[in-house]
Amino acid sequence: MPAAPTVKRIVCLANSRKYGGRCVAGKELLPDRRAGGWIRPVSSRENEEVSERERCYADGEDPQVLDIIDVPLLRPHPKTYQQENWLLNPGLRWTKTGRVLWNDLHSMTDRDAPLWTNGYSTLAGQNDRVPIDDTDAIDNSLRLIRVSALTVTVSEPSHPSADFPILRGSFNYDGEEYCLRITDPESENGSVNLSYRDYPVGERYLVISLGEPFEGYAYKLIATIIKP
């Protein structure tokens with residue numbers, strides 16, 4: 001028997017770009033205010049992106065990172081390593097019930113460990129992808145981490161009609177160096193008029209996502225950059 005529809009209260013930790021929509025994800029907020037597991041609401045479309053209509057509040061406002069949201073869901077919808085996926089209920093609105101603060105994130109971070117498999121890099125990245133064959137042993141695709149020193153690199157767009165420059169974030173975490181693409185809309189919007197160079201930005205919380213398979217790899221992405 002299919003699970004009954006439910007409402008999950010989550011702390012929104014990502015509302016990042018994905019195809020023509022967004023990838024929204026957060027941690028469940030339990031009744032005692034502790035953070036539970038990750039939840040990623042997804043649509044029934046092929047690429048599972050969430051449209052503006054599906055995610056907006058009743059007043060039309062888009063969910064912001066650190067919002068506390070009641071999200072109507074139909075059922076768990078896990079696939080391969082993305083075990084956090086839940087099919088959203090497109091007929092009901094999401095409801096904002098509050099906010100958390102920067103200082104609240106400490107208790108929500110995931111334990112220190114390598115960001116999945118390391119040792120595979122693109123030409124411009126470092127430890128930024130995982131062979132699809134290696135994902136058979138992975139059962140999660142989201143991590144909230146804290147880094148002491150993030151450097152954002154702003155590079156020329158991939159093509160003249162692109163809306164934003166290419167952004168990458170470099171940092172050390174758990175003894176490993178990483179350089180990952182950034183898909184955080186706030187960072188992209190803020191980069192439009194910046195010069196192409198490195199920008200040391202200091203301590204940040206990051207949401208790292210293991211994205212959809214592409215040409216034999218799953219790519220590690222910085223879905224959110226949260227500043228103090």
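Residues numbered from 1 in each chain as written. Predicted model: local features only at pLDDT ≥ 70, side-chain atom pairs only at ≥ 80, totals over all residues. Heavy atoms only, no water.

1. Looking at the overall build of the chain
Reasoning step 1: What the chain contains, in helices and strands, is two helices and 12 strands.
Reasoning step 2: For 228 residues, the compact-globule estimate of 2.2 N^0.38 gives 17 Å, and the chain sits close to it at 17 Å.
Reasoning step 3: Counting the 228 residues in the chain, one finds 48% classified as buried.
Reasoning step 4: Here the contacts in the chain between residues at least 6 apart in sequence split such that 67% fall between residues at least 24 apart.
Reasoning step 5: Accessible surface computed for the chain: about 11,500 Å², of which carbon and sulfur atoms make up 48%. (Helix = DSSP H or I, 4+ residues; strand = E, 2+ residues; numbered from the N terminus. Rg over C-alpha atoms; globule rule 2.2 N^0.38 Å. Buried < 20%, exposed > 50% of the residue type's maximum accessible area, 1.4 Å probe, protein only. Contact = heavy atoms within 4.5 Å. Areas by Shrake-Rupley, 256 points an atom, 1.4 Å probe, with all protein chains shown as cover.)

2. A word on unusual backbone geometry
Reasoning step 1: Backbone geometry places Asn127, a non-glycine residue, at a positive phi of 50°.
Reasoning step 2: Along the polypeptide, Asn127 turns up in the loop between strand 6 (95-99) and strand 7 (129-131).
Reasoning step 3: Within the chain, Asp174 stands out as a residue other than glycine whose phi angle is a positive 55°.
Reasoning step 4: Looking at where Asp174 falls in the secondary structure, it is placed in the loop between strand 9 (166-173) and strand 10 (176-182).
Reasoning step 5: The exposure class assigned to Asp174 is partly exposed, which follows from its relative accessible area of 40%.

3. Topic: the packing of aromatic side chains
Reasoning step 1: Under the definition given, this model contains three aromatic pairs.
Reasoning step 2: With centroids separated by 5.4 Å and ring planes inclined at 20°, the aromatic side chains of Phe171 and Tyr178 adopt a geometry described as stacked.
Reasoning step 3: Considering the side-chain rings of Tyr217 and Tyr219, the 6.2 Å spacing of their centres and the 55° angle between planes classify their relative orientation as tilted.
Reasoning step 4: If you follow Arg129 out to its NZ or CZ, it ends over the ring of Tyr217, 3.8 Å from the centre. (Phe/Tyr/Trp six-rings, centres within 6.5 Å; stacked < 30°, edge-to-face > 60°. Lys NZ or Arg CZ within 6 Å of the ring centre and 35° of its normal.)

4. What about the pattern of salt bridges?
Reasoning step 1: Applying the stated rule across the entire model yields 15 salt bridges.
Reasoning step 2: As a salt-bridge pair, Glu188 and Arg17 come within 2.6 Å of each other at their nearest N and O atoms. With Glu188 in helix 2 (residues 185-190) and Arg17 in strand 1 (residues 6-18), this pair connects stretches of sequence that are 171 residues apart.
Reasoning step 3: Linking Arg22 and Asp62 is a salt bridge whose minimum nitrogen-to-oxygen distance equals 3.7 Å. A residue pair is termed long-range when its members are at least 10 positions apart, and Arg22 in strand 2 (residues 21-29) and Asp62 in the loop between helix 1 (52-55) and strand 4 (67-76) qualify at 40 residues. (Salt bridge = Lys/Arg side-chain N within 4 Å of Asp/Glu carboxyl O.)

5. Digging into the side chain of Asn15
Reasoning step 1: For Asn15, the position within the fold is in strand 1.
Reasoning step 2: One polar contact links Asn15 to Arg22, side chain to side chain, over a distance of 3.1 Å.
Reasoning step 3: In this structure the side chain of Asn15 is engaged in a polar contact, spanning 2.9 Å, whose partner is the side chain of Asp62.
Reasoning step 4: Not counting the four nearest positions on each side in its chain, Asn15 is found in contact with Arg22, Cys23, Val24, Arg55, Asp62, Pro63, Val65, Pro185 and Thr224. (Polar contact = N/O pair within 3.5 Å; in protein donor to acceptor, adjacent residues only side chain to side chain.)

6. Points about the environment of Asp128
Reasoning step 1: Within the secondary structure layout, Asp128 lies in the loop between strand 6 and strand 7.
Reasoning step 2: Ignoring sequence-local partners within four residues, the contact set of Asp128 consists of Tyr120, Ser121, Thr122, Cys179, Leu180, Ala218, Tyr219 and Lys220.

7. A short note on the nonpolar core
Reasoning step 1: Formed by 23 residues in total, the largest nonpolar core has its most connected members in Leu115, Ile145, Phe171, Leu206, Ile208 and Ile222.
Reasoning step 2: Only strand 8 (142-155), strand 9, strand 10, strand 11 (198-214) and strand 12 (217-226) provide two or more residues apiece to this core.
Reasoning step 3: Here the element with the most residues in this core is strand 8; it accounts for five residues.
Reasoning step 4: If sequence neighbours within four positions are ignored, Leu115 has contacts with Arg143, Ile145, Phe171, Tyr173, Tyr178, Ile208 and Lys220.
Reasoning step 5: Core analysis: the next-biggest nonpolar cluster, separate from the first, contains 18 residues, Val11, Leu13, Ala14 and Leu142 among them. (Core = buried A, V, L, I, M, F, W, Y, C linked by side-chain atoms within 4.5 Å.)

Worth remembering: the numbers are spatial, not functional.
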